[in-house]
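Observations on the model geometry
Spelled out from the first residue to the last, the chains are:
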Amino acid sequence: MTAHRPIAAWEQVTARDVATNGITLRVFEHGPQDTDKPLVVLCHGFPELAFSWRHQIRALAAAGYRVLAPDMRGFGGSSRPADVDAYDMPTVCADLAGLLDDAGADDAVFVGHDWGASVVWHMAWLHPERVRAVAGMSVPVTPRSPVPPLSTLRRRLGDDFYIVWFQEPGVADRELARNVRRTLVSREVWTAQWAARPDEDLKPPRWLSEDELAYYVEAFEETGFTGGLNYYRNLDRTWERTEHLRGRTIDCPSLFVIGSKDPVGRFTPTEKLGQVLTDLRGHLVLDGAGHWIQQERAEEVNDALLDFLAGVG
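What comes next is a walk through the structure. As the structure is a computational prediction, the values presented were derived from the model and not from experiment.

1. Description of the overall build of the chain
Looking only at helices and strands, the chain has 16 helices and eight strands in total. Its C-alpha atoms give the chain a radius of gyration of 18 Å, near enough to 20 Å, the size a compact globule of 313 residues would have. Oriented by its inertia axes, the alpha-carbon framework of the chain measures out at about 55 × 55 × 40 Å. For the chain, buried positions account for 57% of its 313 residues. Summarising the internal contacts of the chain: among those between residues at least 6 apart in sequence, 75% fall at separations of at least 24. About 13,300 Å² of surface is accessible on the chain, with carbon and sulfur atoms providing 48% of the total. In the chain, 33 positive and 45 negative side-chain charges are present, and the distance between their average locations comes to 3 Å.

Rendered as structure tokens:
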């Protein structure tokens, strides 16, 4: 069978393993080595992979940028430490600082989606000298919470809210892995109630081919979901380890992109972006788009990123 075009194009992207911060990251790299344009690092979320940036990595490389897209710690071909505490934001950001060292780059433009957005916001806080500019998608940056965030989520949204359900090691891990295809194409947020219902034979959304879905299914059937779930289990640990960031702003050029139908926007408001981002170059809301924005609306996201990068220099 002939591979679907995005799959065939992805297979032309160079992959290598990079030792950093005591682990190994599987990194996909594309674009010229000798460009005078800034390095771009793409950070995915949950449940995603570097493959989630397949539409962006080639477009950015074609525009003359050297692009790195790692399978983040806990995902795909990268290391998956068993210790839950190995997934807090300072630790994950140290992975990326080491990635820059390996690439021979003083800094980069960091772009993140979902948990990757949280990572790149923290990267700009924790390592501002390594961040030329930062773009987040779906998950906005917010000022530091005065109390541990998990208690607020429990109080406001209840014990069946997906982030709360994810907290007990082994529970969501088992249910999400039981039928990986169902998990990945579900149109609902994963909860205990979702897990208790009979399996559904759903088709992938229009922006995801069966070949592309098969790529994800094969990866998560091999790795399971525990690595990604451990990011959620470090919400309070990250809060405890970043007290020194209270009141700190992000002063490099920044961009935020979200879909108007992204459910994250319902419980993480965006009106406080300006309290943190002092050089916000754009706040783009793509009408009708959902959560998986860089895949669903690839051309619009590519255009937004290229416009943003052109102004960074």
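Moving on from the model shown.
2. Some words on the environment of Ser186
As for its position among the elements, Ser186 is in the loop between helix H8 (180-185) and helix H9 (192-196). Not counting the four nearest positions on each side in its chain, Ser186 is found in contact with Trp194 and Leu202. In terms of polar contacts, Ser186 uses its side chain to reach the backbone amide nitrogen of Glu188, at 3.1 Å.

3. Points about the state of the cysteines
Considering all chains together, one arrives at zero disulfides under this definition. The thiol of Cys93 is unpaired, and the distance to the nearest cysteine sulfur, on Cys43, comes to 8.4 Å.

4. Some points on the sheet that holds strand S3 (residues 40-43)
Strand pairing in a sheet takes place through backbone hydrogen bonds and is either antiparallel or parallel in direction. Read across the open sheet, the eight strands follow the order S1-S2-S4-S3-S5-S6-S7-S8; overall the sheet is mixed. Pairing within the sheet leaves two strands with one partner each, and these edge strands are strand S1 (14-20) and strand S8 (280-286). On average, adjacent strands in this sheet sit at an angle of 20° to one another, irrespective of strand direction. Direction of pairing for S1 relative to strand S2 (residues 23-30): antiparallel, over a ladder of seven bridges. Note on S2: the bridge partner recorded for Arg16 is Val27. Its contacts with the sheet place helix H3 (residues 89-103) against S1, S2, S3, strand S4 (67-70) and strand S5 (108-113), and it is angled at close to 115° to S1. In the packing of helix H16 (residues 298-312) onto the sheet, contacts are made with S3, S5, strand S6 (131-137), strand S7 (254-259) and S8, and the angle to S6 comes to roughly 160°.

5. Some points on the environment of Ala50
Secondary-structure assignment places Ala50 in the loop between S3 and helix H2 (54-62). Note: C-alpha distance between Ala50 and Leu100 (50 residues apart in sequence) is 17 Å. In this structure Ala50 touches Trp10, Phe28, His44, Ala69, Pro70 and Asp71, once residues within four positions along its chain are discounted.

6. Quick notes on the nonpolar core
Phe46, Phe110, Phe166 and Ile250 are the most contacted members of the largest nonpolar core, which totals 104 residues. Not counting chain neighbours up to four residues away, the residues in contact with Phe166 comprise Phe46, Ala172, Leu176, Trp190, Leu229, Tyr232 and Arg233.

7. Thoughts on unusual backbone geometry
Following Phe46, the chain continues to Pro47 via a peptide bond in cis, the omega torsion being -10°. Residue placement: Pro47 occurs in the loop between S3 and H2. Residues other than glycine seldom take positive phi values, yet Asp114 does so here, at roughly 60°. Following the sequence through the fold, Asp114 ends up in the loop between S5 and helix H4 (115-126). Assessed through its relative accessible area of 7%, Asp114 is described here as buried. Even without being a glycine, Ser138 presents a positive backbone phi close to 80°.

8. A look at the pairing of S4
Judged by which residues are buried, S4 turns out to be covered on both faces: Val67 and Ala69 on one side and Leu68 and Pro70 on the other are all buried. Two elements, S3 and S4, share two bridges in a ladder whose sense is parallel. Opposite Val41, over in S4, you have Leu68 as the bridge partner. Once you follow S3 into H2 and on to S4, the crossover reads as right-handed.

9. Looking at the environment of Val67
Summarising the element assignment, Val67 is placed in strand S4. Setting aside its immediate chain neighbours within four residues, Val67 contacts Phe28, Glu29, His30, Val40, Leu42, Ile57, Leu60 and Ala61.

10. Topic: the packing of aromatic side chains
All told, the structure shown has 23 aromatic pairs when counted by the stated rule. Judged by centre distance (5.4 Å) and plane angle (70°), the ring pair of Phe51 and Tyr216 falls under edge-to-face. Within this pair, whereas Phe51 is found in the loop between S3 and H2, its partner Tyr216 is found in helix H10 (residues 210-223), the two being separated by 165 residues in sequence. Residues Phe51 and Tyr216 agree in their burial class; the two are buried. Seen from their ring centres, Tyr87 and Tyr231 are 5.7 Å apart, and the 55° between their planes marks the pair as tilted. Remark: Tyr231 occurs in helix H11 (residues 226-232) and Tyr87 occurs in the loop between S4 and H3; sequence separation between them is 144 residues. Accessibility assignment for this pair places Tyr87 and Tyr231 in one class, buried. The ring of Phe51 has Arg54 sitting right over it, with the charged end atom 4.3 Å from the ring centre.

What counts, and at which threshold
- Residue indices begin from 1 for each chain and proceed along its sequence in written order.
- Restriction of local features to residues with pLDDT of at least 70 applies here, the model being predicted, together with a cutoff of 80 or more for giving and counting side-chain atom pairs; totals for whole chains, interfaces and linings are based on all residues.
- Hydrogens are left out, water is left out, and the side-chain values use all remaining heavy atoms of the structure.
- Secondary structure is summarised from DSSP: a helix means a run of H or I of at least four residues, a strand means a run of E of at least two, and numbering begins at the N terminus for each.
- For the radius of gyration, the atoms used are the C-alpha atoms, and the globule rule reads 2.2 Å times the number of residues raised to 0.38.
- Relative accessible area decides the class of each residue, using a 1.4 Å probe on protein chains only: under 20% of the type maximum gives buried, over 50% gives exposed, and in between gives partly exposed.
- Throughout, a residue-residue contact means that at least one pair of heavy atoms, one from each residue, lies within 4.5 Å.
- For every accessible area listed, the method is Shrake-Rupley and the probe measures 1.4 Å; residues are considered covered only by the protein chains on display.
- His is not counted, nor are the chain ends, whereas Lys and Arg count as positive and Asp and Glu as negative.
- Note that the charge is assigned to NZ on lysines, CZ on arginines, CG on aspartates and CD on glutamates.
- Throughout this description, a polar contact denotes any pair of N or O atoms lying within 3.5 Å of each other; where both atoms belong to protein, one of them has to be capable of donating a hydrogen while the other can accept it, and for residues adjacent in sequence the pair is counted only when both atoms sit in side chains.
- The disulfide criterion used throughout: a pair of cysteine sulfur atoms within 2.5 Å.
- Pairing between two strands requires that DSSP report at least two bridges joining them.
- For helices, the fitted axis covers only the stretch in contact; all axes are lines through C-alpha atoms, and the angles between them, taken along N-to-C directions, range from 0 to 180 degrees.
- To qualify as a nonpolar core, a set must consist of buried Ala, Val, Leu, Ile, Met, Phe, Trp, Tyr and Cys residues joined through side-chain atoms within 4.5 Å.
- By the criterion used throughout, a crossover qualifies as right-handed when its path from the first strand across the helix to the second strand runs clockwise, the strands pointing away from the viewer.
- Aromatic rings from Phe, Tyr and Trp, taking only the six-membered ring of Trp, are treated as a pair when their centres fall within 6.5 Å; an angle between ring planes under 30 degrees marks them as stacked, one over 60 as edge-to-face, and anything in between as tilted.
- In this scheme, Lys NZ or Arg CZ marks a charge over a ring once it lies within 6 Å of the ring centre and within 35 degrees of the ring normal.

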